[in-house]
Every structure is written in structure tokens, then in C-alpha cells.
Amino acid sequence: MQYRKFSSVLPTKKDEVVYDPDSVQDDILFTDLEDIEDFPNDTQTALQIIRQQNKQRPCVILKTHLYYLVKDKTALERELMEQQYEGIIREYQLPDSSDSYYVFVEDVIEALSIAKEQYLTKIEQNLENPPEDQPIAKSSMHCGTLTGPPAIGYGLRALPFNKSLSEREKELLKEKEKKTVVFDDFAANFVPNYIGLTVSSEAMLKLMYPHTWLDKSYDDIRPLIHARAITVSIGAKNGVQGFQLACPGAEIVLAQIKRGRTEIIRTIKRTRYKEEYLAVLENKKLKNSSFPSSFHLKDLLGGDYVEQFETPTGTVIALPSHR
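Bear in mind the structure is a predicted one, so any value in this text is a computation, not a measurement.

J.: What is the right way to look at the sheet that holds strand β2 (residues 89–93) in this model?
T.: Adjacent strands of a sheet pair through backbone hydrogen bonds, lying either parallel or antiparallel. Strand order in the open sheet formed by three strands is β1-β3-β2, with antiparallel pairing between adjacent strands. Whereas interior strands pair on both sides, the edge strands pair on one side only; in this sheet they are β1 (61–62) and β2. In this structure, β2 lies alongside strand β3 (residues 100–104), joined through five bridges in antiparallel fashion. Bridged to Ile89 within β3 is Phe104. Contacting β1, β2 and β3, helix α2 (residues 42–53) runs over the sheet at an angle of about 80° to β3. Here helix α4 (residues 73–85) sits on the sheet and contacts β2 and β3; the angle it forms with β2, its principal contact strand, is near 115°.

J.: Explanation requested: the environment of Pro58 in the structure shown.
T.: The topology assignment puts Pro58 in the loop between α2 and β1. Between the alpha carbons of Pro58 and Phe104 there is a distance of 8.0 Å; along the sequence they are 46 residues apart. Not counting residues within four places of it along the chain, the set of residues in contact with Pro58 comprises Val103, Asp107, Cys247, Pro248, Gly249, Ala250 and Val253.

J.: Explain the pattern of salt bridges to me, please; I cannot follow it from the model alone.
T.: Working definition: two side chains of opposite charge can pair if their charged atoms are close together. The final tally for this structure, using the stated rule, is eight salt bridges. For the salt bridge of Asp107 with Arg57, the shortest nitrogen-to-oxygen distance reads 3.8 Å. With Asp107 in helix α5 (residues 105–128) and Arg57 in the loop between α2 and β1, the pair connects residues that are 50 residues apart, well separated along the chain. Take Asp107: its relative accessible area is 2%, and that puts it in the buried class. A salt bridge links Glu202 to Lys206; the nearest nitrogen and oxygen atoms lie 3.1 Å apart. Here the residue Glu202 and the residue Lys206 both occupy positions in helix α7 (residues 201–208), the gap between them amounting to four residues, near one helical turn. On the basis of relative accessibility, which here comes to 39%, the residue Lys206 falls in the partly exposed class. Several salt bridges share partner residues, and in doing so they unite Arg51, Arg57, Glu106 and Asp107 into one network.

J.: Please clarify how the packing of α2 against α4 should be interpreted in this entry.
T.: A packed helix pair is summarised by two numbers, namely the angle formed by the two axes and the spacing between the axes. Where α2 contacts α4, the axes come no closer than 9 Å and their chain directions differ by 75°. By the criterion of interaxial angle, the relationship of α2 to α4 is roughly perpendicular. Within the contact between the two elements, α2 uses Asp42, Thr43, Gln44 and Leu47 and α4 uses Ala75, Leu76, Glu79, Leu80 and Gln83.

Cut-off values and rules
Residues numbered from 1 in each chain as written. Predicted model: local features only at pLDDT ≥ 70, side-chain atom pairs only at ≥ 80, totals over all residues. Heavy atoms only, no water. Pairing = 2+ DSSP bridges. Helix = DSSP H or I, 4+ residues; strand = E, 2+ residues; numbered from the N terminus. Contact = heavy atoms within 4.5 Å. Axes fitted to C-alpha atoms, helices over the stretch in contact; angles between N-to-C directions. Salt bridge = Lys/Arg side-chain N within 4 Å of Asp/Glu carboxyl O. Buried < 20%, exposed > 50% of the residue type's maximum accessible area, 1.4 Å probe, protein only. Parallel < 35°, antiparallel > 145°, perpendicular 65-115°, else oblique.

Don't take any of this as a statement about function, it's just geometry.
Structure representation (C-alpha cells):
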């Protein structure tokens with residue numbers, strides 16, 4: 001058996017590692033540091049968590065959900081605004097509330113595409129069964145009676161009935177193309193470039209039609225009102241000058257969230273001490289919502305509708321006034 005000298009296993013000057021700025025290993029090291037700078041912040045992570053839990057589209061993200069996941073509210077507000085400026089999300093105001101919700105821009109554009117298809121379907125139904133000429137009736141959505149020429153259904157002008165069916169079809173199809181292009185213009189030019197809860201008709205038309213906005217009128221954007229992409233603001237002059245923005249289809253998701261929130265609160269109220277174990281509530285199958293209970297619990301805790309505290313037997317959720 002041969003033995004090496006002890007000095008032979010010690011590092012020699014020849015074996016010393018010398019820093020080489022051009023080496024591949026150093027390049028990899030600095031590349032990793034750059035990747036760390038692109039690591040998602042708390043707000044971005046929270047948005048993705050809720051998006052994974054909410055499979056419905058559009059994916060509505062309540063601010064109460066974000067308050068539950070991100071404890072630093074100052075940083076949250078700043079990072080949410082950064083996400084808006086980067087064109088990732090858009091903020092909308094909840095109906096009959098000062099609170100707001102967020103929707104990813106890609107979901108807003110997808111919702112507008114669905115609204116356009118529904119609008120086309122309605123026009124085809126009117127083509128097959130044309131209604132009698134009548135002005136648009138007063139609607140709470142419009143906050144007033146819309147003035148203008150008679151219309152068919154979704155803002156289509158009534159056409160003379162003394163024309164042949166082929167002539168009527170051609171004119172209605174031409175009218176359909178004219179009316180539905182506003183959805184594409186709104187999705188391509190307005191949604192990615194505007195940040196705000198409300199907008200004036202002039203500002204909206206300037207973004208949608210930079211070169212021809214002076215030739216446009218209220219009638220050109222009427223389909224967006226029927227699709228609930230915009231609603232006339234209550235404080236608008238003459239009822240048609242200002243609009244509150246919304247995401248088509250979001251009202252259906254918001255209604256489910258409200259029903260699920262109410263159901264969980266009623267469950268807690270039925271208990272003797274107005275409190276229930278978190279595990280019991282998380283395993284509860286809701287009747288009025290397709291969302292899991294954990295989704296609604298984040299909303300309730302983030303909005304301070306309920307309180308959470310620890311006990312020797314487990315985590316408890318209680319109403320604030322009964323703790």
C-alpha cells in the first residue's frame with residue numbers, strides 16, 4: 001500500500017482559484033443576480049394566487065382579497081398602480097360602493113370579445129324577427145332617457161319595412177358591421193391606454209379615434225353601454241357626457257361573491273357565540289356560490305367583516321362585535 005506525502009494533498013499555488021471576469025462561471029453568477037431583481041413582488045404574487053383560485057372569466061380580484069394577502073397596504077397601493085401603468089391590470093369601481101376591484105387587461109379584452117359576439121347574436125335575432133319601430137325606453141343603466149331616432153333592440157336604427165327582405169338584410173348587416181367595430185376600437189385603443197374609474201366622452205373618443213373623433217357621436221359608442229363596458233355617470237351633464245368604466249361580465253362574478261359572503265356570515269350568526277372554527281367554514285360547501293369557502297373567507301378577513309384568532313383547539317372566525 002502506497003502513501004502520499006501530507007504536503008501533496010495541500011493546495012499549491014498552481015491550484016489556487018483566480019478570479020477571471022471573462023469566465024463562464026462568473027457570467028452565470030451575475031445573470032442569476034439579474035434574475036433576482038425580476039422576482040415578483042408581494043402584490044404580483046397575490047394577484048397570481050387569486051387568479052389561480054378564481055377560474056371564472058373575467059377574473060375579478062377584490063381589493064379585500066389583496067388586503068388579506070399583502071399586509072403592507074402602502075406598498076400594495078403603490079405596486080397596484082405600477083401594475084396599471086405597465087398595462088397588466090385595470091381598476092373598476094364596485095356598483096353602489098366606494099370599493100374597487102381589479103381585472104387583468106387580457107381578461108377585459110376577452111370579455112369585450114364575448115360581449116361583441118352576444119351583440120351580434122342579438123342583431124341576428126332582430127334580423128329574423130324585426131320588432132316594431134319604437135324609441136329606446138328609459139333605463140336605469142342609462143340614468144335618463146336617451147334621445148335620438150327610433151332604434152331596434154341594441155341601438156340599431158329602425159329601417160323602413162316597405163323594402164324587400166334582401167334589401168333589409170343588406171342594410172342591417174351593414175349596420176351590424178358599423179355598430180360592432182366599436183368593440184374592437186375600444187379593446188385595441190382605449191383599454192390598454194387609459195387608467196381611471198371614469199372618463200369623459202371626449203377623452204374616450206380621442207383615444208379610440210385619434211384622427212376622426214370629431215366625426216363621432218354618442219350613438220357610435222351606444223353598443224358599449226348595452227354591453228355594460230361603460231355606464232353613464234350619475235353626475236354627468238345632460239346624462240351623456242361622462243361615463244363610469246366597467247368590465248363586461250364582471251357583474252355576474254360580483255353577484256356570486258356577494259352571495260357567498262352573505263352565506264358565510266349567516267352561518268356564523270347561527271352559532272351560539274357567533275363564531276365558528278376556520279376548518280369547519282373552509283370545508284363548508286356553499287349553495288349560492290361556485291367559489292370555494294376559502295376564497296370568500298379571504299374576502300371577509302381582508303375587508304374586516306370577520307375576525308380571526310387562535311384558541312387551544314384551533315383557529316376561530318368570529319363576527320367583530322361578538323368577540
